[in-house]
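Letter by letter, the chains look like this.
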Amino acid sequence: MGIKYRMLAFFALFLFIFIIPAMASAEKHVIIDPGHGGKYAGTTGYSGNSTGYFEKHANLDVSIKLKKILQNQGYKVDMTRETDKHFSASSSSADLTARMRVANKFVEEGNRNNTIFISVHHNSIPSDPSMRGFETYFFDINNGIDSTYPPDPIQIDSSPESKRLANTLHTNVLKYVPVSEGRGIISNNLYVTRNAQMPSALVEVGYMSNPAEEKLIKTSSFQQKAAEGLAKGINNYFNVYEVYNYKNERVKTYESKSNALAYAKSRNNVYVFDKSRQSIIYSNIDGDYEVYHVSKGLLEDSFVTENDAIKYAKKWKNTYILNEETGEIIWSNYLSKNYLVEHTAKGTIYKAYNDKAAINYAQEWKNTKVIDKKTGDLIWSNYLDKNYSVVHAAKGEIYKAFNENAAIDYAKGWKNTKVINSNTGEILWSNYLAKNFTVEHASKGELYVAYDEVTAINYAKDWKNTKVVNKETGEILWSNYLDTTYAVKHVAKGEIYGSFSEEEAIDYAEGWLNTSVINRKTGEILWSNYLESTYAVKHVAKGEIYGSFSEEEAIDYAEGWLNTSVINRKTGEILWSNYLDSTYVVEHTAKGEIYGSFSEEEAIEYAKEWLNTAVKVRETGEIIWSNY
Ligand SMILES: [Zn+2]
């Protein structure tokens, strides 16, 4: 029902916009032509010249009375003449030509169907004063076209209406005037009727050559009755229901409203015009097709059929046709079919010029989605979720969309909104939040900034050696390398790589200058291309036997030996020794202390292996043995 009402509303709108303007001046319009005038007197009647009252006077008197009646009834009335004048002095035929030029100028384009022409005359056959009665003339196309006196092409089209006008005038005037019917309704090729560019008729109200009728014709009361009869005939002419097609071509004319409606309802794209009330009383016109040009915009609207629209659109380059009712672009000579309807099982089942057309098609299936081929955006689906939600700071979720762009477009219409991927929780866009979460790469620096931690981490995961930092607090929120065992540190950049393999860390470090590899857990420097090791293991006799960046490691190494010490190379400080606090010391005359021991016996045995040695008590300096 909703759609139906909408359709009706649309029709009403359509009619006002597109049809009414065509009848912008829609009103019943009568052009009255009082015959003869000025130097062309018409018949002088049975009484002859001396009376001074000729046909031209009677024609004008009836016409003026008719004008007044019609105007009171709401008609628009024009007259070819309202005074006793002629239109051309040169000849009566030139007069007729000029007269019809005046008459046809009154026709308003677009209102021709509501305009009629009536020429008022009085008849005369001087040779037969007994001839009498009322006659009506019209141009009848059924009589064929006389090539010597060709009718105006518009009159050819109007001929059926001219016939109808002649009929309504004739039958009604006869009810009003006390004259008999003369020769009835006569189809004839008179100059004025055949050249009127609208339905036309010419009436001969009576015979002025008949003495009785001449007397009547000269009376105001008779003229009034004739005028009333003519007005009644005109009323009846307009009292019909016309059925028009969407091109505003009249298809049928009915005297009965119900017959007109019944006919119209059996047809497509027609409307019924109440000619008397000048209003459209029914329409089923559905001119949905609009032709657009890429730069000029709307070229033509309300084509009823696709074919008509396409025929028109093809006259241009860069046009497309929009079905205004469905929103579908149904044809184009420049657009691509970028909107794909994809079925879960069947793949791409349809391609369309615009989203609306694709969605409409997709809706007829289950398990379909519409994709914008250009952007890759999911436009619509009947099985996928709308994963992009627009959240307002105060109102919460206010919109859901199938794709990010659509959600952002919507969110932009508000203040204090953000767009969230409801699957991942990522904040994709916001017009009030700050991008506080940075993804930093160990060597490349800042890669990305995000509105939230989740988005930043998701982004960081696509890389190695990244960390997510809260820009405001400086806090490291996540990293995929800071928990590795081996860190490659650059002398200036700091940590630039992390690895669980020492070898890989060194490989990486070798690609740089001024790097070292450090065991993150022990702090030990495992490799460096710029540092000398800090800790030296020295053997009392062999001198330096090991270097290490780690004190602990140096001690570990030194413990594998006797008589070793660990020295901080930079400060000279002895950090550890397994002999320097021993009780007995073996001294060589040249080398100085060469051994230490806590046993006197062991010290002497060692000393015996050398020349020029002595064994002393370390604390007192007392010599307890010597071989020199
Ligand atoms: Zn005449």
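Residues numbered from 1 in each chain as written. Predicted model: local features only at pLDDT ≥ 70, side-chain atom pairs only at ≥ 80, totals over all residues. Heavy atoms only, no water.

**Student:** Which residues make up the overall build of the chain, and what values do they have?
**Tutor:** Across its full length, the chain holds 15 helices and 38 strands. For the chain, whose C-alpha radius of gyration is 56 Å, the value lies well above the compact-globule estimate of 25 Å for 628 residues. In terms of overall dimensions, the chain has a C-alpha envelope of 190 × 50 × 45 Å along the principal axes. A separation threshold of at least 6 residues defines the contact pool for the chain, and within that pool the share at least 24 residues apart is 51%. Total accessible area on the chain stands at roughly 31300 Å², and carbon and sulfur atoms take up 48% of it. Averaging the locations of the 70 positively and 79 negatively charged side chains of the chain gives two centres separated by 17 Å. (Helix = DSSP H or I, 4+ residues; strand = E, 2+ residues; numbered from the N terminus. Rg over C-alpha atoms; globule rule 2.2 N^0.38 Å. Contact = heavy atoms within 4.5 Å. Areas by Shrake-Rupley, 256 points an atom, 1.4 Å probe, with all protein chains shown as cover. Lys, Arg positive; Asp, Glu negative; His and termini not counted. Charge placed at Lys NZ, Arg CZ, Asp CG, Glu CD.)

**Student:** Let's hear about the packing of aromatic side chains: which residues, and what values?
**Tutor:** Considering all chains together, one arrives at 17 aromatic pairs under this definition. Judged by centre distance (3.9 Å) and plane angle (5°), the rings of Tyr350 and Tyr361 are stacked. Here Tyr350, found in strand S16 (residues 347-352), pairs with Tyr361, found in helix H10 (residues 355-362); they are 11 residues apart in sequence, far enough to count as distant. Through a chain of ring-to-ring contacts, the aromatic side chains of Tyr75, Tyr237 and Phe238 assemble into a single cluster. Sitting above the plane of the Tyr75 ring, Lys28 keeps its charged end 4.8 Å from the centroid. Between Arg164 and the ring centre of Tyr237, over which it is positioned, the NZ or CZ distance is 4.2 Å. (Phe/Tyr/Trp six-rings, centres within 6.5 Å; stacked < 30°, edge-to-face > 60°. Lys NZ or Arg CZ within 6 Å of the ring centre and 35° of its normal.)

**Student:** Can you lay out the coordination of the zinc ion for me, pointing to particular residues and giving the numbers?
**Tutor:** Taken together, the protein ligands of the zinc ion are His36 (NE2), Glu55 (OE), Glu55 (OE) and His121 (ND1), with distances of 2.2 to 2.8 Å. Given four donor atoms and angles of 51 to 134° at the metal, the environment of the zinc ion is assigned as irregular. Using a relative accessible area of 11% as the deciding quantity, one classes His121 as buried. (Donors = N, O, S within 2.8 Å, 3.2 Å for Na, K, Ca; no water. Tetrahedral: all angles 85-135°; square planar, octahedral: opposite > 155°, others 65-115°. Buried < 20%, exposed > 50% of the residue type's maximum accessible area, 1.4 Å probe, protein only.)

**Student:** Describe the sheet that holds strand S31 (residues 535-539), with residues and values.
**Tutor:** Pairing is antiparallel across the open sheet formed by four strands, whose spatial order is S32-S31-S33-S34. The sheet is open, and its two edges are formed by strand S32 (543-548) and strand S34 (574-577), each paired on a single side. Each adjacent strand pair in this sheet contributes to an overall mean axis angle of 25°, direction not counted. With three bridges joining them, strand S33 (residues 564-568) and S34 adopt antiparallel strand pairing. Its bridge partner being in S34, Ser565 is matched across the sheet by Ser577. (Pairing = 2+ DSSP bridges. Axes fitted to C-alpha atoms, helices over the stretch in contact; angles between N-to-C directions.)

**Student:** Go over the nonpolar core, please, and point to the residues and values.
**Tutor:** In this structure, Leu70 and Ile234 are the most contacted members of the largest nonpolar core, which totals 34 residues. Looking at this core, the elements that each hand over two or more residues are strand S1 (29-34), helix H2 (55-72), strand S2 (76-79), strand S3 (115-123), helix H4 (153-176), strand S6 (200-207) and helix H7 (220-238). Here the element with the most residues in this core is H7; it accounts for eight residues. If sequence neighbours within four positions are ignored, Ile234 has contacts with Val30, Leu66, Leu70, Tyr75, Ile116, Ile118 and Leu169. (Core = buried A, V, L, I, M, F, W, Y, C linked by side-chain atoms within 4.5 Å.)

**Student:** Pulling in residues and values, what's your account of helix H14 (residues 551-559)?
**Tutor:** Along H14, the positions that sit buried rather than exposed are Ala554, Ile555 and Ala558. In an axial view of H14, the angular spread of the buried residues amounts to 100°, which keeps them on one side of the axis. H14 presents Glu552 and Asp556 as exposed residues on the side facing more than 90 degrees away from its buried surface. Summarising the contacts, the buried residues of H14 are in contact with S31, S32, S33 and S34. The N-cap residue of H14 is Ser550: its side-chain oxygen and the backbone nitrogen of Glu552 are 3.3 Å apart. (Arc of directions from axis to C-beta. Polar contact = N/O pair within 3.5 Å; in protein donor to acceptor, adjacent residues only side chain to side chain.)

**Student:** So what about the domain arrangement of the chain? Which residues, and what values?
**Tutor:** Each assigned domain of the chain is listed with its residue range as follows: domain 1 (26-238), domain 2 (243-283), domain 3 (289-372), domain 4 (388-430), domain 5 (535-577) and domain 6 (584-626). For domain 3 and domain 6, the distance between their C-alpha centroids amounts to 106 Å. (Domains from an automatic or database assignment.)

**Student:** Could you give an account of H10, naming the residues involved and the relevant values?
**Tutor:** When we look at burial in H10, the residues that qualify are Ala357, Ala358, Ile359, Asn360 and Ala362. For H10, the elements touching its buried residues are strand S14 (328-332), strand S15 (339-343), S16, strand S17 (368-372) and strand S18 (378-381).

**Student:** Now, about the side chain of Glu290: what can you tell me, with residues and values included?
**Tutor:** As for its placement among the helices and strands, Glu290 is situated in strand S11 (residues 289-293). Classification of Glu290 by relative accessible area gives buried; the value is 10%. Separated by 2.7 Å, the side chains of Glu290 and Tyr292 make a polar contact. Ignoring anything within four residues of it in the chain, the contact list for Glu290 reads Leu298, Glu300, Asp301, Ser302, Tyr320, Ile321, Leu322 and Glu324.

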